[in-house]
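Chain and residue survey
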Amino acid sequence: MKICCLGAGYVGGPTMAMIAYKCQDITVTVADINEARINAWNSDELPVFEPGLDDVVRAARGRNLFFTTDKVTAIKEADIIFVSVGTPTKTYGAGAGKAADLKYIELCARDIAQYSDRSKIVVEKSTLPVRTAQGLKTVLEANSTPGLDFQVLSNPEFLAEGTAIEDLSRPDRVLIGGDEDSEAGRKAIQTLVDVYANWVDRDRIITTNLWSSELSKLVANAFLAQRISSINSISALCERTGANVDQVAYAIGTDSRIGPKFLKASVGFGGSCFQKDILNLVYLCEYFGLPDVAAYWEQVIVMNDWQKSRFSQKIVSTLFNTVNGKRIAMLGFAFKKDTNDTRETAAMYVGRDLLDEQAVLAIHDPKVSPEQMFKDLKESRTDADGNPNKQIDVCEDPYAAAKGAHGLAIMTEWDSFKDLDFQKIYDGMYKPAFVFDGRNILDHEKLRKIGFEVFAIGR
């Protein structure tokens, strides 16, 4: 069997690497028109940072895992084609700001139709609105050689960045949706089931109809994000009443009906999925005439935005209502630890707020590049005369970032931040020295004994 994946991003690359790693008798080719990205996948510096990913890629690459810009050959030779391209939120036209932009999905469908000379199984791996599969099938059938059969399956990813390899190796479930009412559809579903069954227990592989599978991905992310926004809303109440949000979360998390996961209060959730998928769900509810349901889910996003804004406002108000010219050390820029992904990261929004207040940002992150930071903050590295940007200082280590700072903000829960020499950091900061722990990962009592003024989410 030969599998190809169109798209070599955060989902396509690791997922295909795991399939190749676990299924040595299957040839897996990842195709992408971005030559720089493909070159990175073929190098020792992968474009995606995930713990364990390097080992998986090295074991399979060149054996039965290949990365290429030749999408034509990859499509022609494949029996199964995964579509794993971006589905960003639309910025134009109907549904702007909420609906998913499916232009890349449609382009993939047209390529598959043009270059296929036999029947194929096409698998939606990208997160898509309900009933996108029907549009895919329509494009495929309208543009392909007569007589070819394209079975479209939905196989949404449920990866958490930072633990993607663990999630792929031992998934909670694999969801496969297809045409359950036809023999060809059931056969296509079974073909993909057999691929995953090489390493996933059969009782963890769930099969549904197409529409249930497409919707399940959006709803899963919406439910998870809802829990984060819910506990973040309570964190504000805890600060006003003297309660401790971690204690509250632990108390309610021991209830078996609720459970402890995704009840960690923070400066806000980020990443490529939660906000995009909830907005997509909101748009679908509006489209199908369910405005009250749409408003319910939209409030999850509103609460998340408020939490980020509340954090930046707390920094300003604590520093005597002005950060003009003051150095603020931001430790962490990725949206979560163990990834270099900055999409929708809270650090980006808090950073922009502080820049608007004329603060000087000193930023350190172990994995995020300076180029990405400047891009996300919508700032140039130099001014019109070629001089370095005086408002942003990207630092190689956290001690350099904190040197001469008025405040220090923890934006990402990197484990290494817990073990810093905070006495050294305190000695190098202006006094009073403020710490704003946006992830509640530090020993606050220890910091106070050193002399820090500490603000922690929900305490």
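One structure accompanies this document, and this report is about it. (Residues numbered from 1 in each chain as written. Predicted model: local features only at pLDDT ≥ 70, side-chain atom pairs only at ≥ 80, totals over all residues. Heavy atoms only, no water.)

**Details of the overall build of the chain**
What counts here: Helix and strand labels come from DSSP, where a helix needs a run of H or I of at least four residues and a strand needs a run of E of at least two; each type is numbered from the N terminus. The globule rule used for comparison is 2.2 Å times the number of residues to the exponent 0.38, while the radius of gyration itself is calculated over C-alpha atoms. Each residue's exposure class comes from its accessible area (1.4 Å probe, protein chains only) as a fraction of the maximum for that residue type: buried when under 20%, exposed when over 50%, partly exposed otherwise. All accessible areas in this document rest on Shrake-Rupley with a 1.4 Å probe, and a residue is counted as covered only by the protein chains that are shown. Counting rule for charge: Lys and Arg are taken as positive, Asp and Glu as negative, and neither His nor the chain ends is counted. Working definition for charges: the position is that of NZ of Lys, CZ of Arg, CG of Asp or CD of Glu.
The helix and strand tally for the chain stands at 17 helices and 14 strands. Taken over C-alpha atoms, the radius of gyration comes to 24 Å for the chain, in line with the 23 Å a tight globule of 459 residues would show. Expressed as a percentage of its 459 residues, the buried residues of the chain come to 53%. Taken as a whole, the chain presents about 20,500 Å² of accessible surface, with 50% of it coming from carbon and sulfur. Taking the average place of the 53 positive charges on the side chains of the chain and the average place of its 63 negative ones, the gap between the two points comes to 2 Å.

**A look at the packing of helix H9 (residues 210-241) against helix H11 (residues 274-287)**
Applied cut-off: Only C-alpha atoms enter the line fits that serve as axes; for helices the fit covers just the stretch in contact. Angles between N-to-C directions range over 0 to 180 degrees. Handedness of a helix crossing follows the sense of rotation of the near helix relative to the far helix, less than a right angle counterclockwise being left-handed and clockwise being right-handed. Throughout, a residue-residue contact means that at least one pair of heavy atoms, one from each residue, lies within 4.5 Å. We call Asp, Glu, Lys and Arg charged. Ala, Val, Leu, Ile, Met, Phe, Trp, Tyr, Cys and Pro are nonpolar, and the rest, Gly among them, are polar.
Contact geometry of H9 with H11 gives a least axis separation of 9 Å together with a crossing angle of 115°. In terms of crossing hand, the pair formed by H9 and H11 is left-handed. Contact residues: Leu-215, Lys-217, Leu-218, Asn-221, Ala-222, Leu-224, Ala-225 and Ile-228 in H9; Phe-274, Asp-277, Ile-278, Asn-280, Leu-281 and Leu-284 in H11. Residue classes in the contact of H9 with H11 are distributed as ten nonpolar, two polar and two charged.

**Overview of the packing of aromatic side chains**
Remark: the centre distance and the inter-plane angle together describe each pair of aromatic rings, the angle taken between the planes. Rule in force here: Stacked, edge-to-face and tilted labels apply to pairs of Phe, Tyr and Trp rings (six-membered ring for Trp) whose centres lie within 6.5 Å, assigned for plane angles under 30 degrees, over 60, and everything in between, in that order. Either the NZ atom of lysine or the CZ atom of arginine qualifies as a charge over a ring when it sits within 6 Å of the ring centre and within 35 degrees of the ring normal.
The final tally for this structure, using the stated rule, is 14 aromatic pairs. Judged by centre distance (5.6 Å) and plane angle (35°), the rings of Phe-223 and Trp-297 are tilted. One end of the pair, Phe-223, is in helix H9; the other, Trp-297, is in helix H12 (residues 291-318), and 74 residues separate them in sequence. Aromatic rings pair up to connect Phe-311, Phe-320, Phe-434, Phe-436 and Phe-455 into one cluster. The ring of Phe-158 has Arg-173 sitting right over it, with the charged end atom 3.6 Å from the ring centre.

**A look at empty space enclosed by the protein**
Operational definition: We place a 1 Å grid over just the protein atoms. Points where a 1.4 Å probe fits but has no way out form a cavity, open points with protein on both sides within 12 Å along at least 5 of 7 lines form a pocket, and any residue with an atom within 4 Å of a point lines it. Grid points are joined across faces, edges and corners, and a volume is the space filled by probe spheres set on the points.
For the structure on display, the rule yields two cavities of 30 Å³ or more. Residue contributions to the lining of the largest cavity peak at three residues, all from H9. Its residues assigned to classes, the lining of the largest cavity comprises two nonpolar, four polar and three charged. Looking at the second largest cavity, the residues that line it are Ser-43, Asp-44, Leu-46, Asp-54, Val-57, Arg-58 and Arg-61. Class assignment of the residues belonging to the lining of the second largest cavity gives a composition of two nonpolar, one polar and four charged.

**A short note on the nonpolar core**
Spelled out, the test is: Among buried residues, the Ala, Val, Leu, Ile, Met, Phe, Trp, Tyr and Cys ones that are joined through side-chain atoms within 4.5 Å form a nonpolar core.
With 59 residues, the main nonpolar core has Phe-311, Ile-315, Leu-408 and Phe-452 as its most contacted residues. Residue contributions to this core peak at six residues, all from helix H13 (residues 346-356). Apart from residues lying up to four places away in sequence, Leu-408 is in contact with Ala-329, Leu-331, Ala-402, Ile-425, Met-429, Phe-434, Val-435 and Phe-436.

**Let's talk about the pattern of salt bridges**
Quick reminder of the rule: Counted as salt bridges are all cases of a side-chain nitrogen of Lys or Arg within 4 Å of a carboxyl oxygen of Asp or Glu.
Per the stated rule, a full pass over the model turns up 26 salt bridges. Note that Glu-141 and Lys-137 form a salt bridge whose closest N and O atoms lie 3.6 Å from each other. Taken together, the residues Glu-141 and Lys-137, both in helix H6 (residues 132-143) and four residues apart, mark about one turn of the helix. On the basis of relative accessibility, which here comes to 45%, the residue Glu-141 falls in the partly exposed class. The salt bridge involving Arg-327 is made with Asp-393; its shortest N-O contact spans 3.0 Å.

**Side note on the pairing of strand S4 (residues 80-83)**
Every other side chain in a regular strand lies on the same face of the sheet, so the side chains alternate between the two faces. Rules: When DSSP finds two or more bridges between two strands, those strands count as paired. The handedness of a crossover follows from its direction of travel: if, with the strands pointing away from the viewer, the path from the first strand over the helix to the second runs clockwise, the crossover is right-handed.
Residue alternation in S4 divides its side chains into two sets, Ile-80 and Phe-82 and Ile-81 and Val-83, and both sets are buried. Sheet topology places S4 next to strand S5 (residues 120-124); four bridges connect them, and they run parallel. Residue pairing across strands places Ile-81 opposite Val-122, the latter belonging to S5. Handedness of the crossover is the feature at issue here: the chain leaves S4, passes through helix H5 (residues 103-115), returns alongside S5, and the resulting connection is right-handed.

**Some remarks on the environment of Thr-27**
Looking at the element boundaries, Thr-27 is found in strand S2 (residues 27-31). Using a relative accessible area of 27% as the deciding quantity, one classes Thr-27 as partly exposed. Linking Thr-27 and Leu-46, residues 19 residues apart in sequence, is a C-alpha distance of 20 Å. Contacts of Thr-27, omitting those with residues within four sequence positions, involve Met-1, Lys-2, Ile-3, Asn-64 and Phe-66.

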